[in-house]
Amino acid sequence: ERMTRENPSDSHAWLLLGSVLVALGRPVMAAEPFRQAWTLKPGDTAIADKFCQVLIQAGLRLESLAQYDSAEASYREAIAINAHAVPARLNLGRLLSASGRYEDARTLLSDVLAAYPGQPDACAALALTYEYEGDYTQAAGLLREPLQQSPIAPPVAFAYGVLARHIGEVPQAIELL
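Attention in this report is confined to the structure presented alongside it.

Reading guide: rules and limits
- Numbers given to residues run from 1 along each chain, matching the order in which its sequence is written.
- It should be noted that, the model being predicted, local features are given only for residues of pLDDT at least 70 and side-chain atom pairs only at 80 or more, the latter also being counted only at that level, while totals for whole chains, interfaces and linings use all residues.
- Note: side-chain values were computed over all heavy atoms of the structure, leaving out hydrogens and water.
- Here a strand is any run of E in DSSP of at least two residues, a helix any run of H or I of at least four, and the numbering for each starts at the N terminus.
- We define a polar contact as two N or O atoms separated by no more than 3.5 Å, with the added condition that, inside protein, one atom must be a possible hydrogen donor and the other a possible acceptor, whereas residues neighbouring each other in sequence contribute only through side-chain atom pairs.
- Any two residues having at least one pair of non-hydrogen atoms within 4.5 Å are treated as being in contact.
- By nonpolar core we mean a set of buried residues, namely Ala, Val, Leu, Ile, Met, Phe, Trp, Tyr and Cys, connected to one another through side-chain atoms within 4.5 Å.
- Relative accessibility under 20% of the residue-type maximum defines a buried residue, over 50% an exposed one, and the middle range a partly exposed one, all with a 1.4 Å probe and only protein chains included.
- As a rule, the C-alpha atoms of each element are fitted with a line to give its axis, helices using only the stretch in contact, and angles between N-to-C directions run from 0 to 180 degrees.
- Every angle not falling under 35 degrees, over 145, or within 65 to 115 is termed oblique; those three ranges are roughly parallel, roughly antiparallel and roughly perpendicular.
- Less than a right angle of anticlockwise turn of the near helix away from the far helix marks a crossing as left-handed, whereas a clockwise turn marks it as right-handed.
- Residue classes follow a fixed rule: Ala, Val, Leu, Ile, Met, Phe, Trp, Tyr, Cys and Pro count as nonpolar, while Asp, Glu, Lys and Arg count as charged, and any other residue, Gly among them, counts as polar.

### Considerations on unusual backbone geometry
Step number 1: Its identity is not glycine, yet A66 carries a phi of approximately 60°, on the positive side.
Step number 2: In this structure, A66 sits in the loop between α4 (45-64) and α5 (68-81).

Encoded structure:
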């Protein structure tokens, strides 16, 4: 902190402070020092990557504290910094789905699948969105291909396990999983 007070235009000092806060398990607090470093060097891809990861960690922490609006803002900021930040997009899609904003979640998660076809986490998150809406056929269709991969990705297995009772495939799910 002393280094940032003495030289507030030193991006390395801000990065160091943010890194220490992350190491202490305080990603929400670490976001501001990373934001300062990014503001000082907006074209620095290394800073952008670190800042994006911190924002994703902060979003997860905020979700665990039931601060959903702040978590959403954190994921959106990460996406603004790196539009290809798949974890931020997946977490935001999952959060939107859980909060009942299914159309927004479907759009976001479908975009991830369009950019990364067959991405197991995106398939699972989108399938769960359809499952929440009661469209079990669409949800099951999204999981068919990822269920054929070996090993089956844990998010896909979870989504299929949740969905199996709705589509009458409990014995198949037990056998497969």
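Having put the structure on the table, let's press on.
### Quick look at the side chain of Q119
Step number 1: Within the secondary structure, Q119 is located in the loop between α7 (102-115) and α8 (120-133).
Step number 2: A distance of 2.8 Å separates a polar side-chain atom of Q119 from the backbone nitrogen of D121.
Step number 3: Engagement of the side chain of Q119 in a polar contact is seen with the backbone nitrogen of A122, the distance being 2.8 Å.
Step number 4: Setting aside chain neighbours within four positions, we find Q119 in contact with V86, L90 and L113.

### Considering the nonpolar core
Step number 1: By size, the foremost hydrophobic cluster in this structure holds 28 residues, and its most contacted members are F34, L55, A78, A88 and L92.
Step number 2: Those elements that place two or more of their residues in this core are α2 (11-23), α3 (27-40), α4, α5, α6 (86-98) and α7.
Step number 3: For this core, the element with the highest residue contribution is α4, accounting for 8 residues.
Step number 4: Excluding residues within four positions of it along the chain, F34 makes contact with L15, G18, S19, V22, I47, K50, F51 and V54.

### So, the packing of α7 against α8
Step number 1: Close contact between α7 and α8 brings their axes to 9 Å; oriented N to C, the two are set at 155°. Looking at the two axes, α7 sits roughly antiparallel to α8. Helix-helix and strand crossings are classified by hand; for α7 and α8 the assignment is left-handed. Packed against α7, whose contacting residues are Y102, A105, R106, L109, S110, V112 and L113, the element α8 presents A122, C123, A125, L126, T129, Y130, Y132 and E133 at the interface.
Step number 2: Classifying every residue of the contact of α7 with α8 gives 11 nonpolar, 2 polar and 2 charged.

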